[in-house]
Amino acid sequence: MNLQIQQRVALVCGAGSGLGQAIACSLAQEGVKVAVTGRNREKLAQTVERITQLGGTARAWPLDLAVPEQFDTVIADIREHWGDIDILVNNSGGPPPTLAQGTDDAVWQQQFSVMVASLIQLTDKLLPAMRSRGWGRIITST
């Protein structure tokens with residue numbers, strides 16, 4: 001498939017495993033330079049290695065969505081390395097398995113913060129540049 005996104009730059013959250021890793025690999029196969037982000041450095045390195053083996057371009061940037069203070073540094077580093085981010089894949093893990101009824105409010109608040117609020121903050125940081133260039137894609141999966 002040719003999505004006509006060659007040489008674009010993507011930031012993929014949660015790219016160390018699962019859906020995030022699959023999306024990162026698929027984008028790389030389309031010729032996209034992929035910034036793989038997540039909390040686990042070893043898993044990120046495995047994703048980069050897998051993409052490299054597929055002939056793609058990727059680099060790991062550790063990023064914890066629960067720590068929005070990291071966003072500016074990671075974004076600036078990616079921009080310095082490859083230029084502006086064209087594609088943002090907001091991908092976060094789900095809450096811990098538990099019953100909905102009786103779950104402590106602090107768990108709901110923490111999960112809302114990571115799965116919703118932080119993704120909105122990250123999107124807000126990248127959207128203005130996408131708009132000014134007249135091109136950008138944002139995919140959100142939580």
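See the structure above.
Residues numbered from 1 in each chain as written. Predicted model: local features only at pLDDT ≥ 70, side-chain atom pairs only at ≥ 80, totals over all residues. Heavy atoms only, no water.

1. Comments concerning helix H2 (residues 41–53)
Test applied: Counting from the N terminus, the helices are DSSP H or I runs at least four residues long and the strands are E runs at least two residues long. To estimate the expected span of a helix, subtract one from its residue number and multiply by 1.5 Å. Here the term buried applies to any residue with accessible area under 20% of the maximum for its type, exposed to any over 50%, and partly exposed to those in between, with areas from a 1.4 Å probe on protein chains only. Our arc is simply the arc of the directions from the helix axis toward the C-beta atoms. Whether two residues are in contact is decided by their heavy atoms, any of which lying within 4.5 Å being enough. Side-chain atoms alone can form a polar contact between residues adjacent in sequence; in general such a contact is a pair of N or O atoms within 3.5 Å, and within protein one must be able to donate a hydrogen while the other accepts it.
With 13 residues, H2 ought to run about 18 Å at 1.5 Å a step, and its terminal C-alpha atoms sit 18 Å apart, in line with that. Restricting attention to buried positions, one finds in H2 the residues Leu44, Thr47, Val48 and Ile51. When H2 is viewed along its axis, its buried side chains cluster within an angular range of 100 degrees and face the same direction. Those residues of H2 that are exposed and aimed more than 90 degrees away from the buried face are Glu42 and Gln53. Close packing links the buried residues of H2 with helix H1 (18–29), strand E2 (33–38) and strand E3 (57–62). Here H2 starts with a cap whose side-chain oxygen sits 3.0 Å from the backbone nitrogen of Glu42, and that cap is Asn40. One or two positions beyond H2, positive phi appears at Gly55, with a value near 90 degrees.

2. As for the pattern of salt bridges
Basically, it comes down to this: Salt bridges, as used here, are contacts in which a Lys or Arg side-chain nitrogen is within 4 Å of a carboxyl oxygen on Asp or Glu.
For the coordinates displayed, the defined rule picks out 5 salt bridges. Arg79 is the partner of Asp84 in a salt bridge, and the nearest nitrogen-oxygen pair spans 3.1 Å. Residue class for Asp84 comes out partly exposed when judged on its relative accessible area of 34%. We note a salt bridge from Asp86 to Arg133, for which the minimum N-O separation is 3.2 Å. In this pair, Asp86 is assigned in the loop between helix H3 (71–82) and strand E4 (87–91) and Arg133 in helix H4 (residues 105–133), connecting sequence segments 47 residues apart. A network of salt bridges, in which partner residues are shared, links Arg8, Arg79, Asp84, Asp86 and Arg133.

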